[in-house]
Amino acid sequence: MLDTIYWIIIAIMLLIGFVGLVYPVIPAVLFIAGGIILYGFLFTFEHFNSVFWTVQILFVILLFIADYAANLFSVKKFGGNKAGIWGSTIGLLVGPFVIPFAGILIGPFLGAFLAELIVHRTGFKDSLRIGFGSVVGFITSVAAKFVIQAFMVAYFLWKVL
């Protein structure tokens, strides 16, 4: 009975990690790592050798690289500068709180759009394109991070089950 409760808690932590993909204020990777470490404390660390931890750490590093690179690449590809990247990031963090659900897409768009329009005095049409690029970057980032996090969880489950 207690084992079932432990697994439910671990599963909730892993699921919160995936919710963090679309709510960037939730530190997704910390919940996934926390679920894995919690398993070790509640059951055993016996399954986790140095290769396991090395692979998981490499996945974490890959998560951060994918997140940064997708946003940077997309905003720049659509003609944006540092202001657009910063605006997109700020919009991504603020958007979901100001506009629940839709803010996750509207926030980065408006952030990049306004930053380019105000800071770089980019034209309206170009700023719209850059704002769209920030949304493309966010969606690309979420897709890449989903795959990486799924591998992290699958590797964990493969080792313990």
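Residues numbered from 1 in each chain as written. Predicted model: local features only at pLDDT ≥ 70, side-chain atom pairs only at ≥ 80, totals over all residues. Heavy atoms only, no water.

**Brief notes about the environment of Leu-110**
And step 1. Mapped onto the elements, Leu-110 comes out in helix 5 (residues 103-118).
And step 2. Residue Leu-110 is classed as partly exposed on the basis of its relative accessible area, which comes to 37%.
And step 3. Between the alpha carbons of Leu-110 and Ile-26 there is a distance of 21 Å; along the sequence they are 84 residues apart. (Helix = DSSP H or I, 4+ residues; strand = E, 2+ residues; numbered from the N terminus. Buried < 20%, exposed > 50% of the residue type's maximum accessible area, 1.4 Å probe, protein only.)

**So, helix 2 (residues 28-42)**
And step 1. Under the 1.5 Å per step criterion, the end-to-end length of helix 2 is 21 Å for 15 residues, consistent within 8% with the ideal 21 Å.
And step 2. When helix 2 is considered as a whole, its buried residues turn out to be Ala-28, Val-29, Ile-32, Gly-34, Gly-35, Ile-36, Tyr-39 and Gly-40.
And step 3. Those residues of helix 2 that are buried are in contact with helix 1 (2-19), helix 3 (50-77) and helix 6 (124-160). (Expected span 1.5 Å × (residues − 1). Contact = heavy atoms within 4.5 Å.)

**Examining the packing of aromatic side chains**
And step 1. Evaluated as defined, the whole model comprises 20 aromatic pairs.
And step 2. Ring centres of Phe-48 and Phe-52 lie 4.4 Å apart, and the angle between their planes is 20 degrees; on these two criteria the pair is classed as stacked. Phe-52 matches Phe-48 in its accessibility class, with the two residues each being buried. (Phe/Tyr/Trp six-rings, centres within 6.5 Å; stacked < 30°, edge-to-face > 60°.)

**Things to note about helix 4 (residues 82-98)**
And step 1. Counted at 1.5 Å a residue, the expected span for helix 4 with its 17 residues is 24 Å, and the 23 Å between its end C-alpha atoms agrees.
And step 2. Along helix 4, the helix axis deviates most sharply at Leu-92, where the bend reaches about 35 degrees; the proline Pro-96 sits within four residues downstream.
And step 3. For helix 4, every residue scored as buried is listed here: Ala-83, Gly-84, Ile-85, Gly-87, Ser-88, Gly-91, Leu-92, Gly-95 and Pro-96.
And step 4. If you follow the buried residues of helix 4, they end up packed against helix 3, helix 5 and helix 6. (Bend = angle between axes of the 7 residues up to and from the residue.)

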